[in-house]
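Survey of secondary and tertiary structure
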Amino acid sequence: VTITEPQKDLDVATGAEGAIEIERELADQTRDYVERPERDLRRRPWQTYIDAELGMRGYWYPVARSKDLVDGSPQPVKVLGEEILLVRKGDKLYGVEDRCLHRGARFSARPLSLSEDTITCWYHTWTYDLEDGRIRCILNDPDSNLAGKPGIRAYAIEERRGLIFAYIGDGEPPALEGDLPPGLLDEDVTYHIAELRMIGANWRLALENSFDPGHHFIHNWSPLVIESGFPITFGYVAKKGEEHMMVDYHVEGPGPLGFTRTTKEGEYLFEATIPGKDGKPDTLYKAPGAVGRTNEELDALFQGMPPIRIGIWMPCVNSIENFPGTLTGYEWLVPVDENTTMCVTIGGKRCATPEESEAWKGEQGHIEWKVPVVDKFIVDDDFARVGVQKFYEDEDGWYRERMYRPDIEITMLRKFFANNARGIQTREKAVGSSRRRVSSETASENK
Ligand code: FES
Ligand SMILES: [Fe+2]
């Protein structure tokens, strides 16, 4: 991965001009909303991203944990709107469309694998090759000339680091490694893999939350923060005019495209004044963990920590270095459908011995990482992700949102994705249909 200086020609709004440009765009949007409430929904500069409701097409996605897919027990998963049946057979892994070509029965309702490398539909016995999805035979019509014909979709499936990945795209898949975030394959790191979580939010709302410099406020209510008494800021906000300098872009392979930011360089806000009106006094509000600490103490606390670096990588994964302590984590926000995201969250620790490594995968990782980080911290990210879903789902949120300065970094994320996506997923591609309805009228017209 090449770390580049902010590049103006990247057109992801890096460079001072870019940042100013974004501020202008944000102001435009606000004006739009205020002055033209009846307006048409205007195209946004990151329109491709808005259109990618179901995710980016042409990438590898984690779809299951290795340990949840056992031999003899096929598992259905849904990603980017595509229903896939995962099958493990000895040392082979398969993924096929979970939908029979004949009349659409879901194989997963009663998975029947009657030979080494086939799946048979439980309804009328159509039998498919697990490797390429072709029709192998039909048990109750042995002479059918459908045998050998193309049948159902078959997916490229790979397994790495305790996760099963599927390629969602067309044609030959690129190498899986190119779609894995930097550091994931480091051999001295062992991952504790949390149970997969489904949340009722679109994948973009979940991903944006991870990078949002203004979102730290919510963690003042996180059990981990309350229990430890550690101060959490209202936000790590870039100094005005320096928004673009906080971010390092990774725009060359191998490895996915993405960007990182070290929170340490931002401004910390632990207190704010709420002005009183009608002659009433102002109110000073201090973050709970900051009460009783001077600004110097707070500053020293933060400067003394290893810098937390957050990364965002295409198609939908974040990385967090040095949180908590020296642990590293990744979280894929995998689109399931328009309103659901599957969170694949893993916590990495450098382990020196196989014993240490085993302990981390099990109880130790559970106690030291999963409970504090996922159950007692990310829980508030999920709360926030779900908390804005309704607005974006059915209240025109993508066009109606009113943004402020800390959102510049959100718009940079959006532009980066819009400009660099290999492709976007659509409902038509997901279900493999043109969605053209033929009514009796159009049918007779066609005669
Ligand atoms: S629906 Fe599968 S064989 Fe008929
Ligand atoms: Fe968070």
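Refer to the preceding data block for the structure.
Every chain is numbered independently, its residues counted from 1 as its sequence is written. Here chains are named by letter from A upward and ligands by number from 1 upward, in the order in which they appear as written. It should be noted that, the model being predicted, local features are given only for residues of pLDDT at least 70 and side-chain atom pairs only at 80 or more, the latter also being counted only at that level, while totals for whole chains, interfaces and linings use all residues. Side-chain numbers here rest on the full set of heavy atoms in the structure, without hydrogens or water.

Right, let's get into the overall build of the protein chain. When helices and strands are counted, the protein chain shows 12 helices and 22 strands. Expressed as a percentage of its 447 residues, the buried residues of the protein chain come to 48%. Intrachain contacts of the protein chain at a sequence separation of at least 6 include 64% that bridge at least 24 residues. A helix here means a DSSP run of H or I that spans at least four residues, while a strand means a run of E at least two residues long, and both kinds are numbered starting from the N terminus. Accessible area is worked out with a 1.4 Å probe on protein chains only. A residue is then buried under 20% of its type maximum, exposed over 50%, and partly exposed in between. Contacts are assigned to residue pairs with any non-hydrogen atoms lying within 4.5 Å of each other.

With that out of the way, let us pick up the coordination of the iron ion (ligand 2). Distances up to 2.8 Å from the metal define which N, O and S atoms are donors, and 3.2 Å serves for Na, K and Ca; water is absent from the atom set, so sites may look incomplete. All of the protein donors around the iron ion (ligand 2) are His215 (NE2), His219 (NE2), Asp381 (OD) and Asp381 (OD); their distances to the metal are 2.1 to 2.7 Å. Under the classification used here, a metal with four donors is tetrahedral if each angle lies between 85 and 135 degrees, square planar if opposite donors are over 155 degrees apart and the others between 65 and 115, a six-donor metal meeting that same test is octahedral, and anything else is irregular. The coordination sphere of the iron ion (ligand 2) comprises four donor atoms, whose angles at the metal cover 52 to 144°; the geometry is irregular. Written as a sequence motif, the donor residues of the iron ion (ligand 2) are H-x3-H-x161-D. Like His215, the residue His219 is buried in the burial classification.

The next point concerns the sheet that holds strand 8 (residues 135-138). Here, strands pair whenever DSSP counts at least two bridges between them. Judged by pairing direction, the sheet is antiparallel, and its three strands sit side by side in the order 6-7-8 without closing on themselves. Bordering the open sheet on either side are strand 6 (118-120) and strand 8, each of which pairs with just one other strand. Averaged over all adjacent pairs, the angle separating strand axes in this sheet is 20°, with direction ignored. By the bridge criterion, three bridges tie strand 7 (residues 126-129) to strand 8 in an arrangement that is antiparallel. What sits directly across from Thr127, in strand 8, is Cys137. Structural elements are reduced to axes, namely lines fitted to C-alpha atoms, with helices fitted over the stretch in contact, and the angle between N-to-C directions of any two is expressed from 0 to 180 degrees.

Note that the residue after Met314, namely Pro315, is joined by a cis bond; omega there is 10°. Inspection of the secondary structure assignment puts Pro315 in the loop between strand 19 (309-313) and strand 20 (317-321). Located in the positive-phi region is Thr125, a residue other than glycine, with phi close to 75°. Within the secondary structure, Thr125 sits in the loop between strand 6 and strand 7. In this structure, Asn322 takes a positive phi of about 65° despite not being glycine. Mapped onto the elements of the fold, Asn322 is located in the loop between strand 20 and strand 21 (328-337). Asn322 gets classed as partly exposed once you look at its relative accessible area, which sits at 22%.

Looking now at the packing of aromatic side chains. Stacked, edge-to-face and tilted labels apply to pairs of Phe, Tyr and Trp rings (six-membered ring for Trp) whose centres lie within 6.5 Å, assigned for plane angles under 30 degrees, over 60, and everything in between, in that order. This structure, assessed with the given rule, holds 20 aromatic pairs. Pairing Phe259 with Phe416 gives two aromatic rings, centres 5.0 Å apart and planes at 80°, and the pair type is edge-to-face. Here Phe259, found in strand 15 (residues 258-262), pairs with Phe416, found in helix 10 (residues 408-420); they are 157 residues apart in sequence, far enough to count as distant. Note on accessibility: Phe259 and Phe416 belong to one class, buried. Following the ring pairs from residue to residue traces out a cluster consisting of Tyr49, Trp203, Phe391, Tyr392, Trp398 and Phe417.

Membership of the largest hydrophobic core comes to 72 residues, with the highest contact counts inside it found for Tyr49, Met56, Phe259, Trp332 and Phe417. Examining the composition of this core, we find that seven residues originate from one element, helix 10, more than from any other. Once residues lying within four places of it in the same chain are set aside, the contact partners of Met56 are Tyr49, Tyr61, Leu80, Trp203, Pro315, Phe417, Ala421, Gly423, Ile424 and Gln425. We define a nonpolar core as any set of buried Ala, Val, Leu, Ile, Met, Phe, Trp, Tyr and Cys residues linked to one another through side-chain atoms lying within 4.5 Å. Grouped together as the second largest cluster of nonpolar side chains are 15 residues, Val87, Cys100, Cys121 and Ile138 included.

What follows deals with the packing of helix 3 (residues 203-211) against helix 10. Taken N-terminus to C-terminus, the directions of helix 3 and helix 10 make an angle of 130°; their axes are 10 Å apart at the nearest point. Regarding the angle of helix 3 to helix 10, the classification is oblique. Helix-helix and strand crossings are classified by hand; for helix 3 and helix 10 the assignment is right-handed. Seen from helix 3, the contacting residues are Trp203, Leu207, Glu208 and Phe211; seen from helix 10, they are Glu409, Ile410, Leu413, Arg414 and Phe417. By the convention adopted, Pro, Cys, Tyr, Trp, Phe, Met, Ile, Leu, Val and Ala count as nonpolar, Lys, Arg, Asp and Glu as charged, and the other residues, Gly among them, as polar. Residue composition of the contact of helix 3 with helix 10, by class: six nonpolar, no polar and three charged. Put simply, angles under 35 degrees are roughly parallel, angles over 145 are roughly antiparallel, angles from 65 to 115 are roughly perpendicular, and the rest are oblique. The sense of a crossing depends on the near helix, which, turned anticlockwise from the far helix by less than a right angle, makes the crossing left-handed and, turned clockwise, makes it right-handed.

Read these as layout, nothing more, since geometry by itself doesn't imply function.
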